[in-house]
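Single-letter residue listing:
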Amino acid sequence: MPFFLEYSTDKGGGCFTVEGPYSSDAMTRAIEALCGMDCTSATLRQNFDPQPIFGQGPIIATYTPAAGWKVQGE
């Protein structure tokens, strides 16, 4: 199932697809993708739509520099 990652930095933000059969695979790829980006926040979501809408979809995990990654439900 595809997932997507929304992210923000001091200079902007964006959203991209993260492929993986399970949320744990997507989480690993999301962590790797953000390395060196100096993100101020990020949200990993499930992607049920081929054209995802920013800010919509079930949240898998969130990230802030202060808290690190927090998986929903843990």
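Up top is the structure.
A. Seen up close, the pairing of strand β4 (residues 59-64). Note: strand β3 (residues 39-46) against β4, four bridges, orientation antiparallel. Opposite Ala42, over in β4, you have Tyr63 as the bridge partner. As consecutive antiparallel partners, β4 and strand β5 (residues 68-71) are separated by three residues.

B. Quick look at the sheet that holds β5. An order of β2-β1-β3-β4-β5 is seen for the five strands of this open sheet, with the pairing classed as antiparallel. Each of the sheet's edge strands pairs with one partner strand only, and the pair in question is β2 (12-18) and β5. Between one strand axis and the next, the sheet turns through 15° on average, direction left out of account.

C. How the structure looks around the environment of Cys35. Among the structural elements, Cys35 can be located in the loop between α1 (23-34) and β3. A C-alpha to C-alpha distance of 17 Å links Cys35 and Ser24, two positions eleven residues apart in sequence.

D. Representation of unusual backbone geometry within the structure. Even without a glycine there, the phi angle at Asp38 is positive, about 50°. For Asp38, the position within the fold is in the loop between α1 and β3. Using a relative accessible area of 66% as the deciding quantity, one classes Asp38 as exposed.

What counts and how
- Residues numbered from 1 in each chain as written.
- Predicted model: local features only at pLDDT ≥ 70, side-chain atom pairs only at ≥ 80, totals over all residues.
- Heavy atoms only, no water.
- Pairing = 2+ DSSP bridges.
- Helix = DSSP H or I, 4+ residues; strand = E, 2+ residues; numbered from the N terminus.
- Axes fitted to C-alpha atoms, helices over the stretch in contact; angles between N-to-C directions.
- Buried < 20%, exposed > 50% of the residue type's maximum accessible area, 1.4 Å probe, protein only.

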